[in-house]
Amino acid sequence: MVMQLSRCPISKNQVIAPGYFLMEIESPEIAGEAEPGQFVMIKTRDGLEPLLRRPLSLHRISSTSIELLYQVIGKGTQSLSRTRPGEFLDLLGPLGKPFPLPKSNSGSTLLVAGGMGIAPILALAEKIAKRSKVLPAPRLRQAGKGQRSRAPLKIHLLYGAKNKANLVRIKEFQKLGVEVKTVTEDGSAGRKGLATNLLRESLVSSPGQISAVYACGPRPMLKSVARIMKNKKIPLYLSLEEMMACGMGACLGCSVRAKGKEIHYLRVCQDGPVFETGEIVL
Amino acid sequence: MNLKTKIGKLVLQNPILVASGCFGYGEEYAPLLDLSRLGGVVTKGISLKPRPGNSPPRLAETPAGLLNSIGLENVGVDRFVEDKLPFLRKQKACVIVNIFGESLGEYRKLAEIFNDIDGIAGLEINISCPNVERGGLEFGLKPDSTRKVLETVRGKTSLPILAKLSPNVTDIVEIARAAMTGGADGLTLINTLKGMAIDVNTRRPKLARVIGGLSGPAIRPVAVRMVYEVARKLSVPIIGAGGIDSTEAALEFFIAGARAVQIGTGLLIDPRLPLTIGRELAGYLDNQGLKDIESLVGNMLIEKSKRRKE
Ligand SMILES: Cc1cc2nc3c(=O)[nH]c(=O)nc-3n(C[C@H](O)[C@H](O)[C@H](O)COP(=O)(O)OP(=O)(O)OC[C@H]3O[C@@H](n4cnc5c(N)ncnc54)[C@H](O)[C@@H]3O)c2cc1C
Ligand SMILES: Cc1cc2nc3c(=O)[nH]c(=O)nc-3n(C[C@H](O)[C@H](O)[C@H](O)COP(=O)(O)O)c2cc1C
Ligand code: FES
C-alpha cells in the first residue's frame, strides 16, 4: 500500500441531505491503491484555520476517482462544503488498514451503520458484492456444475439514523442487491429505534450462517454491537474514529486501548481504523 | 549554496531537522521523503522501559495550535535499538536520539547505553515534557536540576548532547546557562507550552489528562523570543523550534539566533515541509546576498540604541 501526497481536483461536491455532502475527487493514484475501510487526510483549506488535516473515509472507490460522504460539523467540514468543482485540495492517502473481506462466500454478511458511519460501508458493500459475482458459490462448484452463477452470499445493511433526512445512499445499496433495513431515532422513517435493535433481530431471524459482521458508527453503538456479538464466534470488524493529527502513525495521538492486562495502546490511524473486536477495549 | 551548520561538535549537512515526537521513529514518513536529505531526525523520546503513554483523548486542536498529552509513549531503549535504529541507519539518516528519564539514574543509564552504539549523531536530553508525572519537566524548571541532568549525561557519553528546554519557566536564560554549565553542546528551544482547552457543550476538558503541551504556529512568537534572548545573552549554539510552518517562519528563528531549526507540528500537516524549506532557504540566502547559513544566524538588523533598551 503506497500512500500519496498530492493536490487533487474536485469534480463534484453536492448536498445530498441537509448538512450532508457527497464529494468526488479525481485521483487515479489514490483510487488505484485504495481499499474499503481506508481513509484520507484532507487539508480542508490553506492557512491556519483549521490547522490540521481532517480524516474522511473512502465512501466509494472507482478506477480514477474517490468519493467522500461527509457531514458538516465544524470549521473543517464547513470549508470543505464550500469547495467548488475544479478547485484543488491537498490529500494524503490512502491510509489505515482496510476491512478484511468475509472468509466465506456463502451465508450472509451483516453491515451495521449508525449515522455518518454509513460512509465507509458503501465501499465495503460494493467490494463484497463484486467479489461474490466473480467467485462461484462454493456449494455449486463442489457440485461440479461448472457454470458461474450468482453466489448465495447475502449482504444485509442494518442502518440507523437520527431522522428520515439523515438516511442517505439507500438506493446505491439496493442496486448492489443489498437487503436494506432502516430505523430512525425519532421514528420519522421506518421504525423507531437503533441499528443495534436491527442487529439483535437479524441474529435471531437470519436463515443461513453469518460469515461476518461489520460496524461503523458512534462509539456507544460500537460498544453495544460488540456486547451483542460477544461469544457468538462470528468475526466482528469495527471501524473507529479518534481525534487525529498526522493520520499515519507518527504522532501517537489517536490511541485506543488494546485488550490485555497491561496498559497498551494501538493507533487508530495505522493499526486501524478497522479493528477486530478482540483487539481493543472500547 | 552551503547549508552546512554546526551545533558545537555536531555537524549537520543542513539546518532543517524534524522534531521529537512528530516523526515517530522515521518509518512512517520514509515513503514520502528521503530521510538522508534531512539535517537530522530527532526520535520520539526514548526511556529505559517502554511507556504506554496517557489515556485518550490525547489531542485537541486550538486556534493555530495543537494540544497534546501523548505522555512519552515509546518502545523503550531495548526495542528502539533492536527494531527501530537499524531502519534509520539504513536510510542514512542523521539520528539524534531524544532521551527521557524519571531520575538522574535513568538519564545516566540511557547515556551509557547510547554511548556504546554506532550510528548515532547525538543525544537530545528532554527535561521539558509537560505530559508526565515524574521526571521530564520537573528537571527542566530549575537551574540546579537542569545542570545536574546535563552533568550526569556528560559524564557518561562523548556524543554531542543537546538540552531540550521548556518555555514554562520565568527566566529561560538562567536555565540555558545551567544546561551549558552542565556540559551541553547546544540547546533545543522550545518544547511545548502548557495549555488546556474545554468543550463547553459537555463541560469536559478536551484532553483526558486535562493539561497538555501546546505546539504549532500559536507558540511561534514565544519561541522566537526565547531563542533571541538566549542567543543574545549567551553565545551558545541553538536549535530553534516552535510553530515552523513555512520558510518564512524558519527564517525568523535563524535571524533571531538559531543555527538550525526543528519542525514538529508543521510536519503532521505537510510531511514534505522540511524539504520545501531546505530548498527555499537556499533561494532566500541567494536573494539576500548571503553566502551561507552562518552569515544569517543572529543577523537581525536593529539600531544599537534600541538593543540597549531591551
Ligand atoms: C478514520 C476516520 C474516518 C472518518 N470518516 C468520516 C466520514 O467519512 N464522513 C464524515 O462526515 N466524518 C468522518 N469522520 C469524522 C470527521 O473527521 C470529523 O467530523 C471532522 O474531522 C470534523 O472536523 P470539523 O473541522 O468540521 O469540526 P471540528 O470543529 O474540528 O470539530 C467539531 C466537533 O467534532 C469533533 N471531532 C473533530 N474531529 C473529530 C474526529 N476525527 N472524530 C470524531 N469527532 C471529531 C470534535 O470533538 C468537535 O467537538 C472520520 C473520522 C475518522 C477518525
Ligand atoms: C504530538 C507531539 C509529540 C511530541 N513528543 C515529544 C517528545 O517525545 N519529546 C520531546 O522532547 N518533544 C516532543 N514534542 C515537542 C516537539 O518536539 C516540539 O518541541 C514542539 O512541538 C514545538 O515545535 P512545533 O510547534 O513545530 O511542533 C512533541 C510534540 C507533539 C506535537
Ligand atoms: S494521528 Fe498521528 S498516530 Fe494516529
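Residues numbered from 1 in each chain as written. Chains lettered and ligands numbered in written order. Predicted model: local features only at pLDDT ≥ 70, side-chain atom pairs only at ≥ 80, totals over all residues. Heavy atoms only, no water.

Caption draft 1: Expanded view of the overall build of chain A. Each helix and strand counted, chain A has seven helices and 16 strands in total. For a compact globule of 282 residues, the expected C-alpha radius of gyration is about 19 Å, and chain A comes in at 19 Å, within 12% of that figure. Along the three orthogonal principal directions, the C-alpha set of chain A runs to about 60 × 45 × 40 Å. A buried classification covers 54% of the 282 residues belonging to chain A. For chain A, contacts bridging at least 24 residues in sequence account for 64% of all contacts bridging at least 6. In the structure as shown, chain A presents an accessible area of about 12600 Å², 52% of it carried by carbon and sulfur atoms. Here chain A carries 41 positive and 22 negative side-chain charges, and the mean point of each set is 8 Å from the other. (Helix = DSSP H or I, 4+ residues; strand = E, 2+ residues; numbered from the N terminus. Rg over C-alpha atoms; globule rule 2.2 N^0.38 Å. Buried < 20%, exposed > 50% of the residue type's maximum accessible area, 1.4 Å probe, protein only. Contact = heavy atoms within 4.5 Å. Areas by Shrake-Rupley, 256 points an atom, 1.4 Å probe, with all protein chains shown as cover. Lys, Arg positive; Asp, Glu negative; His and termini not counted. Charge placed at Lys NZ, Arg CZ, Asp CG, Glu CD.)

Caption draft 2: Quick peek at the interface of chain B and chain A. Tallying the contact residues gives 34 residues for chain B and 27 residues for chain A. Inspection of the region where chain B meets chain A yields two salt bridges. Across the salt bridge formed by Glu61(B) and Arg54(A), the nearest N and O atoms sit 2.7 Å from each other. In this assembly, chain B and chain A are joined by nine residue pairs in polar contact (both at pLDDT 80 or more). No other element matches strand 5 (residues 59-62) of chain B, which puts four residues into the side of chain B that touches chain A. Class assignment of the residues belonging to the side of chain B that touches chain A gives a composition of 18 nonpolar, eight polar and eight charged. (Salt bridge = Lys/Arg side-chain N within 4 Å of Asp/Glu carboxyl O. Polar contact = N/O pair within 3.5 Å; in protein donor to acceptor, adjacent residues only side chain to side chain. Nonpolar A, V, L, I, M, F, W, Y, C, P; charged D, E, K, R; others polar.)

Caption draft 3: Structural context of helix 7 (residues 219-229) of chain A. Residues and elements named next belong to chain A. Along helix 7, the residues classified as buried are Met221, Leu222, Ser224, Val225, Ala226, Ile228 and Met229. Looking at the buried residues of helix 7, the elements they touch are strand 8 (108-114), helix 6 (195-205), strand 12 (210-216) and strand 13 (236-239). In the stretch just after helix 7, Asn231 is the one whose phi turns positive, near 65°.

Caption draft 4: Structural detail: the sheet that holds strand 9 (residues 161-164) of chain B. Residues and elements named next belong to chain B. Taken in spatial order, the eight strands line up as 3-4-7-8-9-10-15-16 and close into a barrel, and their pairing is parallel. Each adjacent strand pair in this sheet contributes to an overall mean axis angle of 25°, direction not counted. Sitting on the sheet, helix 6 (residues 220-233) touches strand 10 (186-189) and strand 15 (238-241), and the angle it makes with strand 15 is about 165°. (Pairing = 2+ DSSP bridges. Axes fitted to C-alpha atoms, helices over the stretch in contact; angles between N-to-C directions.)

Caption draft 5: Spatial organisation of the site of ligand 2. In the vicinity of ligand 2, 22 residues are found, and the nearest of them are Ser20(B), Lys164(B), Gly216(B), Gly243(B) and Thr265(B). With respect to ligand 2, its neighbouring residues span chains A and B. Between ligand 2 and Asn126(B) there is a distance of 3.2 Å, counted from an oxygen atom to a side-chain nitrogen or oxygen. Here an oxygen atom of ligand 2 sits 2.8 Å away from a polar atom, N or O, in the main chain of Gly216(B). In isolation ligand 2 has 600 Å² of accessible area, and contact with the protein removes 98% of it. (Near = heavy atom within 4 Å.)

Caption draft 6: Spotlight on unusual backbone geometry. Residue Pro273(A) follows Gly272(A) across a cis peptide bond; omega there is 10°. Examined against the element boundaries, Pro273(A) turns out to sit in the loop between strand 15 (265-267) and strand 16 (274-276). Look at the link from Pro56(B) to Pro57(B): it is a cis peptide, with omega at -5°. Phi angles above zero are rare outside glycine, and Asn231(A) is one such case at about 65°. Within the secondary structure layout, Asn231(A) lies in the loop between helix 7 and strand 13. Even without being glycine, Leu252(A) reaches a positive phi, approximately 60°.

Caption draft 7: A look at the site of ligand 1. All names here are of chain A. Of all residues adjacent to ligand 1, which total 19 residues, the nearest are Arg54, Pro55, Gly74, Gly76 and Thr77. Residue Ser57 places a side-chain N or O atom 2.9 Å away from a nitrogen atom belonging to ligand 1. For ligand 1, an oxygen atom lies 2.6 Å from a polar atom in the backbone of Gly76. The set of elements that each furnish at least two residues to the shell around ligand 1 consists of strand 4 (54-57), strand 6 (65-71) and helix 2 (75-81). Examining the composition of the shell around ligand 1, we find that four residues originate from one element, strand 4, more than from any other. Split by residue class, the shell around ligand 1 holds 10 nonpolar, five polar and four charged. The residue makeup of the shell around ligand 1 includes at least three contributed by each of domain 1 (4-95) and domain 2 (108-136 + 148-241). (Domains from an automatic or database assignment.)

Caption draft 8: Structural view of helix 6 of chain A. All names here are of chain A. Those residues of helix 6 that fall on the buried side of the exposure criterion are Ala195, Thr196, Leu198, Leu199 and Ser202. Taken down its axis, helix 6 places every buried residue within 150° of arc, on the same side. In helix 6, the exposed residues that point more than 90 degrees away from the buried face are Val204 and Ser205. (Arc of directions from axis to C-beta.)

Caption draft 9: Examining the packing of helix 5 (residues 172-181) of chain B against helix 6 of chain B more closely. Residues and elements named next belong to chain B. Two numbers describe how helix 5 lies on helix 6: the axes approach to 9 Å, and their chain directions differ by 55°. Of the possible angle classes, the one that applies to helix 5 and helix 6 is oblique. Read as a crossing pair, helix 5 and helix 6 show a hand that is right-handed. Between helix 5 and helix 6, the contacting residues are Ile172, Val173 and Ala176 on the first element and Met226, Glu229, Val230 and Lys233 on the second. Here the residues of the contact of helix 5 with helix 6 sort into five nonpolar, no polar and two charged. (Parallel < 35°, antiparallel > 145°, perpendicular 65-115°, else oblique. Left-handed = near helix turned anticlockwise from the far one by under 90°.)

Caption draft 10: Focus on the pattern of salt bridges. Counted by the stated rule, this structure contains 26 salt bridges over all chains. Between Arg267(A) and Glu28(B) there is a salt bridge, and its shortest N-O distance comes to 3.2 Å. With Arg267(A) in strand 15 and Glu28(B) in the loop between strand 3 (16-18) and strand 4 (40-42), this pair bridges two chains. There is no split in this pair, since Arg267(A) and Glu28(B) are both buried. A single network of salt bridges, built from pairs that share partners, joins Arg60(A), Glu67(A), Glu126(A), Arg169(A) and Glu172(A).

Caption draft 11: Fine view of the pairing of strand 6 of chain A. Residues and elements named next belong to chain A. When you tally the buried positions in strand 6, you get six out of seven residues, the bulk of the element. Where strand 2 (residues 20-26) and strand 6 come together, seven bridges link them in antiparallel fashion. Bridge assignment links Leu22 to a residue of strand 6, and that residue is Leu69. Relative to strand 6, strand 5 (residues 60-61) is paired through two bridges, and the arrangement is antiparallel. Residue pairing across strands places Arg60 opposite Glu67, the latter belonging to strand 6. Hairpin remark: strand 5 followed by strand 6, antiparallel, with three residues in the connecting loop.

Read these as layout, nothing more, since geometry by itself doesn't imply function.
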